[in-house]
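Fold and geometry: a report
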Amino acid sequence: MKKKWKITYNAPVTLTFAILCAAILLLNEALLEKSLIPAIFTAPGNVKSPSPFDWQNPLDYLRLFTHVLGHSDWNHLIGNMSFILLLGPLMEERYGSPAIALMMIITALVTGVLNACLIPSSLLGASGIAFMLIILSSLSTIEKNVIPVSFLLVLGIYITREFLHADKLDNIATFAHIASGLCGSLFGFMAAPKKKASPRQKLSEESPRESLQDSPRQSPRDSLRPSVPGLKKNFPSEDGTIVGSIKL
């Protein structure tokens, strides 16, 4: 019998995040004449920024979280999603969807607040989320004292690229990305992966049911019979004359 293939929404947080980023950029480019992302999905900068943080504007508090959903163009979006869609499902399977969602929210808030306090330019994009997932992935096997070399290479390349572009104020803040890496490091040390039942635990859970199904049913008459050492158990006849025999 042939198995039917099916498509599963295996990583709801990661996939929903990627779909929202693509939909927001599409609306910004095609329908709203590039006015949506600067208004809602861009974190404000400090007092020296062209768009500083306004303590009296409630929308600016929202932008501290939503800036990770906005991107400057499709190349910016594809570059970030290539990391997020690769690492996000793996980390979501390991830590669970609620934990990954909380990590993304905390990382967005930390980078948004730091940008509003220290950086003289606005901030947008999911580069911080991608950087957090890279560091989190490199620390995912820390309980086994093993750090994959491949993730260290990706980490080194990513950090090098950040410092090479540090002099360009094009809505990408190196300082915020480094802060995202620190968030990923803290999450890697503090977050506990999901507990999975071991094969032994599964067998122990299934064995009582199997033992009840496989064992013969005991009649009430058998349960009343005394247990005597050396007694050869013989079932009594209907008149009850034979109750057993003693082996000497």
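The rules behind the values
Residue indices begin from 1 for each chain and proceed along its sequence in written order. Residues qualify for local features only when their pLDDT is at least 70, as the model is predicted, and side-chain atom pairs are given and counted only at 80 or more; totals for whole chains, interfaces and linings, by contrast, use all residues. Side-chain calculation: all heavy atoms of the structure are included, whereas hydrogens and water are not. Scored from 0 to 100, pLDDT records how confident the predictor is in each individual residue. Residue contacts follow a heavy-atom distance rule, with two residues in contact if any of their heavy atoms lie within 4.5 Å. Strands here are runs of E lasting at least two residues and helices are runs of H or I lasting at least four, both read from the DSSP assignment and numbered beginning at the N terminus. A 3.5 Å cut-off defines polar contacts: any pair of N or O atoms within that distance qualifies, except that in protein one atom must be a possible hydrogen donor and the other a possible acceptor, and neighbouring residues in sequence count only when both atoms are side-chain atoms. To estimate how far a helix should reach, multiply one less than its number of residues by 1.5 Å. Using a 1.4 Å probe on the protein chains alone, a residue whose accessible area is under 20% of its type maximum counts as buried, one over 50% counts as exposed, and one in between counts as partly exposed. Read the arc as the range of directions from the helix axis to the C-beta atoms.

**Side note on the confidence of the model for the chain**
Mean pLDDT over the chain stands at 78; residues scoring 70 or higher make up 69%. Throughout residues 241–248 the model reports pLDDT below 50, and contacts reaching past four residues in sequence, or to other chains, amount to 13 contacts.

**Quick word on unusual backbone geometry**
Non-glycine residue Glu33 carries a positive phi angle of around 55°. Mapping Glu33 onto the fold places it in the loop between helix H1 (12–30) and helix H2 (36–40).

**Examining the side chain of Thr66**
For Thr66, the position within the fold is in helix H3 (residues 58–66). Reaching out from Thr66, the side chain makes a polar contact with the backbone oxygen of Ile40 at a distance of 2.7 Å. With sequence-adjacent residues up to four places away left out, Thr66 is seen in contact with Ile40 and Phe41.

**Observations concerning H1**
Every α-helical turn comprises 3.6 residues, leaving residues that sit three or four positions apart pointing alike. Its 19 residues place the ends of H1 26 Å apart at the C-alpha level, agreeing with the 27 Å of an ideal helix rising 1.5 Å per residue. For H1, the full list of buried residues reads Val13, Thr14, Phe17, Ala18, Cys21, Ile24, Leu25 and Asn28. In a view along the axis of H1, the buried residues occupy a sector of 135°, so they form one face of it. Looking at H1, the residues exposed on the side facing more than 90 degrees away from the buried face are Ile19 and Ala30. Residues of H1 that are buried make contact with H2, helix H4 (74–95), helix H5 (97–118) and helix H6 (127–138).

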